[in-house]
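# Examining the three-dimensional arrangement
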Amino acid sequence: MNDKTKVELFHHAFHAMNSQLDIVAWNCLKSDFDLVCQDIDLVLKHIEHTISRFNLDSELFFVNQKSTCEIIPLSADLWKYLKQAKEYQRITLGYFDISCGNQIEEIKKGKESNKNICFGFNETVQLNNADRSLQFLKKNTTLDFGGMGKGIALAKINDLLQEYELKNVFISFGNSSILTKGTHPHGSYWPFSLADFPKFKLKLNDDSVSISQSITKNKQGKTHIINPKTGEVCFRNKTVAVRSKNPVDAEVLSTALIAAPKDKHAAIKKQFNFIECKILS
Amino acid sequence: MIDKNQNRRDFIKNLALTGSVAALAASPWLSVLADNSITKGPNEQIQIAVIGTGDRGKQLIRHLFEIPGKPNFKLLAICDNFQLHLDNTLELLKEHNCSPKTYTNHLQLLENEKLDAVIIATPLHQHAQIAINCMQSGIHVFCEKAMARNLEDIKRMYDTHIQQNRILQIGHQRLFNPVYLEGMQRIHNGDLGTIGQIRAYWHRNNNWRRSLPNNDKSLERKINWRLYKEYSAGLLTELLSHQIQVAIWALQKTPISVMGTGSIRFWKDGREVNDNIALIYSFEDGTQFVYDSMTSNKKYGLEEQIMGHKGTIEFEVNRQYSETPPAAPGIQQLINNVEHGLFDNLPIGGSSWVPETASKYKGEPIVKTNDLGDTTLELEAFLKFVRAGSAPEKITKEGYNASIWTILGEQAINTGEQLHMPSEFIL
Ligand SMILES: NC(=O)c1ccc[n+]([C@@H]2O[C@H](COP(=O)([O-])OP(=O)(O)OC[C@H]3O[C@@H](n4cnc5c(N)ncnc54)[C@H](O)[C@@H]3O)[C@@H](O)[C@H]2O)c1
């Protein structure tokens, strides 16, 4: 029997998207691990440079500054993500909507919520296929990829892991987005649970998990998830965990289920391929 | 309330106990400071005089009286060739029930008093002669930085210290600052990895002038000596000297060359020294010390940034930043579990997670205290050294190398050339 404690485990961490990404891997060459980390760094920087709302140099920041009706040519990547976001808005029945950035911002500033109804992606944003450009149709529209960004990053990282043939990996992006491959060194899966809900346990292999919470800091603070149809902040004390093969799906579905009222959940879930979806409170 | 002095003392002691061999070799005064057994002749009072009782001299006197545990010393005399400063100092000393004799000439002081030690805080150009006279009279010397106005005087001071076997401690107080002591240990233990660059700067926005007593114009050069080349190298000797000392201490080697440039950009008021300087010091292993100082913008303040391939230290703000952040708590637990052969559940996602919080990485504090007290500590150490009869030689060398390279920096600016240390000044 081999010695359990002799496993060589590699770890690296990155600061990205106002959060920390940790990667742990084993049963691979150190040199491959280092190369993957270099590439992850580039991927994270590129994504931030494309869809960060706060990074003054990002393409999205530039787009968000533009006025109504101006034709804004887009990079291939931002175009792809916007198309994706538009589709997610459709299949979540409008409950996942990246065009609510301004409303979320207003709420963070403490403004009344009922004035914050989102008009919806299709009413506020026009994507022109002919020249890959965007036009804002309504004033004060701000795009916010906050509910998708980590998923997008993890999907790209997943491709890298495949390319480098890293088979046993655990990635945590800010504790709320998880990507795993293979197994823990001493078991047949990666065990995972939530500190607040110790009974909720997952056995992960080639998986991704996204956790969204509407619990507010100090129970009175400013959650970021709003119901786009009512403009209301989702104050319900709720945690949603979604396990899926696709990190972006997991991210979007967990957010949409916080935003949407309970009677819409079944219809939304029907649109997604997921392995497990749990609402905890 | 916890006694802050006790805290500081415990902190130093702990550093001295836990430091690696390399770290202690780089800061040998740490062990002396931590050693409470230096009590040779504890009943004998150390007889001290302060020469130069201007701003810094008065500050040093204040710090002397703040040394915890009231070391057994007597401020026997003060000496200054400016009566107003002597009077002000006597006034200050009343609260300590101390009325030292006064002198206006250090030679008379040396002739008349039996001293163990002096503290010199005169303008720079006076340091060498006074310090040498004192050491030749068998007196240990604490002298403010920088050592002297030119290379030859710096060397003469050093040689006298060796010949007379007298302590010569230069007032680079960062050597005794807990943040620096702890940070240097980490640097010398390799925590930052390979250091490639040190950047330092000191920016102020004022004219650096002092008002003249009774607006007496004849006192201009005496009061504002910092602005005149005869007495000072301006920003170099007054500010850079502290920061090049930090660089040399961090790297444990002296530079091999310096180039620089400077100008009077803003304060065209008759001053002779530059108000705007930039220098690059290079080290044998390729490390660069990149420096600038100016007095017409204060946005960036002052800092020394030690930059290694694994991390960065910013001393003045007491912060260390890792290039690779440490593992998040849950991940650390995972790593530990694997190491111990455990296969446990990982409580990773949790309430600690707040959605979309914009948390920029701000690094970690080097030490968890904002009570630095470095000047008190350097004087406490000096008294200990005096009582022991000697100080670690390295402490004098720190002052020497910092001072030599400060003056070489000035010469590089003046000549526009890349300068190396002339061999006669290599210790
Ligand atoms: N370590 C530090 O952080 C720090 C801070 C400030 C100043 N300093 C150093 O302290 C020294 C003094 O600076 P300062 O700001 O107090 O200047 P200052 O002008 O306020 O004081 C200098 C004093 O020396 C006196 N003096 C001049 N020639 C003398 C002589 N031959 N004999 C006796 N006294 C004489 C002057 O009359 C004056 O009172 C300088 O070397 C300076 O670089 C160090």
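Bear in mind that the values here come from a model prediction, so they are computed numbers and not experimental data.

### What to know about the overall build of chain B
Helix and strand content of chain B: 14 helices and 15 strands. Its C-alpha atoms give chain B a radius of gyration of 23 Å, within 12% of the compact-globule value 22 Å for 427 residues. Dimensions of chain B, computed from the C-alpha atoms along their principal axes, are close to 80 × 55 × 45 Å. By residue count, 55% of the 427 residues in chain B fall in the buried class. Partitioning the intrachain contacts of chain B with sequence separation of at least 6 by distance along the chain shows that 73% fall at a separation of at least 24. Carbon and sulfur atoms make up 48% of the accessible area of chain B, which amounts to about 18500 Å² in all. Charge centroids of chain B, computed over 44 positive and 47 negative side chains, lie 3 Å from each other.

### Things to note about the overall build of chain A
When its secondary structure is counted, chain A shows 8 helices and 14 strands. Against the globule reference of 19 Å for 281 residues, chain A gives a C-alpha radius of gyration of 19 Å, in line with a compact fold. Seen through its C-alpha atoms, chain A measures out along the principal axes to roughly 65 × 40 × 35 Å. Within chain A, buried positions represent 57% of all 281 residues. Taking contacts inside chain A between residues at least 6 apart in sequence as the whole, the part at least 24 apart equals 61%. Put simply, chain A shows about 12800 Å² of open surface, and 50% of that area lies on carbon and sulfur atoms. In chain A, 37 positive and 31 negative side-chain charges are present, and the distance between their average locations comes to 8 Å.

### Side note on the sheet that holds strand S3 (residues 101-103) of chain B
All names here are of chain B. Strand order in the open sheet made by the 6 strands is S3-S2-S1-S4-S5-S6, with parallel pairing throughout. Two strands lie at the open edges of the sheet, namely S3 and strand S6 (168-170), each paired on one side alone. Looking at each pair of strands side by side, their axes are set apart by 20° on average, direction ignored. The sheet contact formed by strand S1 (residues 46-51) and strand S2 (residues 73-79) spans 6 bridges and is parallel.

### Comments concerning the layout of surface pockets
Residue and element names in this part refer to chain B. For the second largest pocket, the calculated volume is near 1100 Å³. In terms of lining, the second largest pocket is formed by 46 residues, of which the most central are Arg56, Ala121, Arg210, Trp225 and Arg226. For the lining of the second largest pocket, the secondary structure elements donating two or more residues are helix H4 (55-66), helix H5 (83-94), helix H7 (124-136), helix H10 (220-223) and helix H11 (235-251). Sort the elements by how many residues they give to the lining of the second largest pocket and H7 lands first, with 5 residues. Here the residues of the lining of the second largest pocket sort into 14 nonpolar, 18 polar and 14 charged. Both of domain 1 (4-175 + 373-393) and domain 2 (197-327 + 358-372 + 404-425) provide at least three residues apiece to the lining of the second largest pocket.

### Here we look at the pairing of strand S12 (residues 311-314) of chain B
All names here are of chain B. Where burial is concerned, the two faces of S12 agree: the one with Gly311 and Ile313 and the one with Thr312 and Glu314 are both buried. Following strand S11 (residues 302-308), the chain reverses through 2 residues before pairing antiparallel with S12. Pairing geometry for S12 and strand S13 (residues 319-322), over 4 bridges, is antiparallel. Note that in S13 the partner of Thr312 across the bridge is Tyr321. Between the end of S12 and the start of S13, which pair antiparallel, lie 4 residues, with Asn318 showing a positive phi angle near 60°.

### Observations regarding the sheet that holds strand S13 (residues 239-244) of chain A
Residue and element names in this part refer to chain A. If you walk across this open sheet you meet the 7 strands as S1-S2-S6-S7-S10-S13-S14, and the pairing is antiparallel. The outermost strands of the open sheet, each flanked by one partner alone, are strand S1 (9-16) and strand S14 (276-280). Neighbour-to-neighbour, the strand axes of this sheet turn through a mean angle of 10°, independent of strand direction. Two strands pair when backbone bridges link them, and strand S7 (residues 177-181) and strand S10 (residues 207-213) are joined in this way by 4 bridges, in the antiparallel orientation. The residue bridging Ile178 from the neighbouring strand is Val209, located in S10.

### Re the confidence of the model for chain A
Note: predicted coordinates in regions of low pLDDT should not be interpreted at a detailed level. Chain-level statistics for chain A give a pLDDT mean of 88 and a share of 90% at 70 or above. pLDDT under 50 marks residues 217-222 of chain A. Its contacts with residues more than four places away, or in other chains, come to 5 contacts.

### Points about the packing of helix H1 (residues 30-51) of chain A against helix H6 (residues 149-163) of chain A
All names here are of chain A. The interhelical angle for the contact between H1 and H6, taken along N-to-C directions, is 150°, at an axis separation of 10 Å. One way to sum up the angle between H1 and H6 is to call them roughly antiparallel. With respect to the hand of their crossing, H1 and H6 are arranged in right-handed fashion. From H1, Val36, Asp39, Ile40, Val43, Leu44, Ile47 and Ile51 reach across to H6, where they touch Gly149, Ile152, Ala153, Lys156, Ile157, Leu160 and Leu161. Its residues assigned to classes, the contact of H1 with H6 comprises 11 nonpolar, 1 polar and 2 charged.

### So, the environment of Trp249 of chain B
Residues and elements named next belong to chain B. For Trp249, the location among the structural elements is in helix H11. You can call Trp249 buried: its relative accessible area is 0%. A sequence separation of 65 residues divides Trp249 from Glu314, and the C-alpha atoms of the two residues are 15 Å apart. Excluding residues that lie within four positions of it along the chain, Trp249 makes contacts with Ala26, Ser27, Trp29, Arg174, Leu175, Tyr180, Leu181, Met184, His188 and Glu398.

### A look at the packing of aromatic side chains
Note on aromatic pairs: each is described by the distance of the centres and the angle between the planes. Across all of its chains, the model carries 15 aromatic pairs over all chains by this definition. An angle of 50° between the planes, with centres 5.8 Å apart, marks the rings of Trp29 of chain B and Trp249 of chain B as tilted. Of the two residues, Trp29 of chain B sits in helix H3 (residues 29-34) while Trp249 of chain B sits in helix H11, which places them 220 residues apart along the sequence. Both residues of the pair, Trp29 of chain B and Trp249 of chain B, count as buried. An aromatic cluster is built from Tyr281, Phe289, Tyr291 and Trp405 of chain B, whose rings are joined through pairwise contacts. Over the aromatic face of Phe173 of chain A sits the side chain of Lys150 of chain A, whose NZ or CZ is 5.6 Å from the ring centroid. Above the plane of the ring of Tyr300 of chain B lies Lys299 of chain B, whose end atom (NZ or CZ) is 5.0 Å from the centre.

### Some thoughts on the domain arrangement of chain B
Residue and element names in this part refer to chain B. You can read the domains of chain B as domain 1 (4-175 + 373-393) and domain 2 (197-327 + 358-372 + 404-425). The centre of domain 1, based on its C-alpha atoms, is set 24 Å off from the matching centre of domain 2. Every contact between the two is made by 30 residues of domain 1 and, on the other side, 33 residues of domain 2. Of all residues in domain 1, Arg149, Leu151 and Arg174 bury the most surface against domain 2, accounting for 30% of the area lost on that side. Seen at the junction of domain 1 and domain 2, the total is 5 salt bridges. Here Lys145 ties to Glu238 by a salt bridge, and the two come within 3.5 Å at their closest N and O atoms. Across the domain 1-domain 2 interface, the total number found is 11 residue pairs in polar contact (both at pLDDT 80 or more). Counting residues per element, the ones that place at least two in the side of domain 1 that touches domain 2 are helix H1 (4-18), H7, helix H8 (151-164) and helix H13 (374-388). Looking at the side of domain 1 that touches domain 2, the element that brings in the most residues is H8, giving 4 residues. Of the residues that constitute the side of domain 1 that touches domain 2, the class distribution is 13 nonpolar, 8 polar and 9 charged.

Basis of the calculations
- Residues numbered from 1 in each chain as written.
- Chains lettered and ligands numbered in written order.
- Predicted model: local features only at pLDDT ≥ 70, side-chain atom pairs only at ≥ 80, totals over all residues.
- Heavy atoms only, no water.
- Helix = DSSP H or I, 4+ residues; strand = E, 2+ residues; numbered from the N terminus.
- Rg over C-alpha atoms; globule rule 2.2 N^0.38 Å.
- Buried < 20%, exposed > 50% of the residue type's maximum accessible area, 1.4 Å probe, protein only.
- Contact = heavy atoms within 4.5 Å.
- Areas by Shrake-Rupley, 256 points an atom, 1.4 Å probe, with all protein chains shown as cover.
- Lys, Arg positive; Asp, Glu negative; His and termini not counted.
- Charge placed at Lys NZ, Arg CZ, Asp CG, Glu CD.
- Pairing = 2+ DSSP bridges.
- Axes fitted to C-alpha atoms, helices over the stretch in contact; angles between N-to-C directions.
- 1 Å grid on protein atoms, 1.4 Å probe; cavity = no way out; pocket = protein on both sides within 12 Å on 5 of 7 lines; lining within 4 Å.
- Points joined across faces, edges and corners; volume = space filled by probe spheres on them.
- Nonpolar A, V, L, I, M, F, W, Y, C, P; charged D, E, K, R; others polar.
- Domains from an automatic or database assignment.
- pLDDT = per-residue confidence, 0-100.
- Parallel < 35°, antiparallel > 145°, perpendicular 65-115°, else oblique.
- Left-handed = near helix turned anticlockwise from the far one by under 90°.
- Phe/Tyr/Trp six-rings, centres within 6.5 Å; stacked < 30°, edge-to-face > 60°.
- Lys NZ or Arg CZ within 6 Å of the ring centre and 35° of its normal.
- Buried area = accessible area lost by both parts, 1.4 Å probe.
- Salt bridge = Lys/Arg side-chain N within 4 Å of Asp/Glu carboxyl O.
- Polar contact = N/O pair within 3.5 Å; in protein donor to acceptor, adjacent residues only side chain to side chain.

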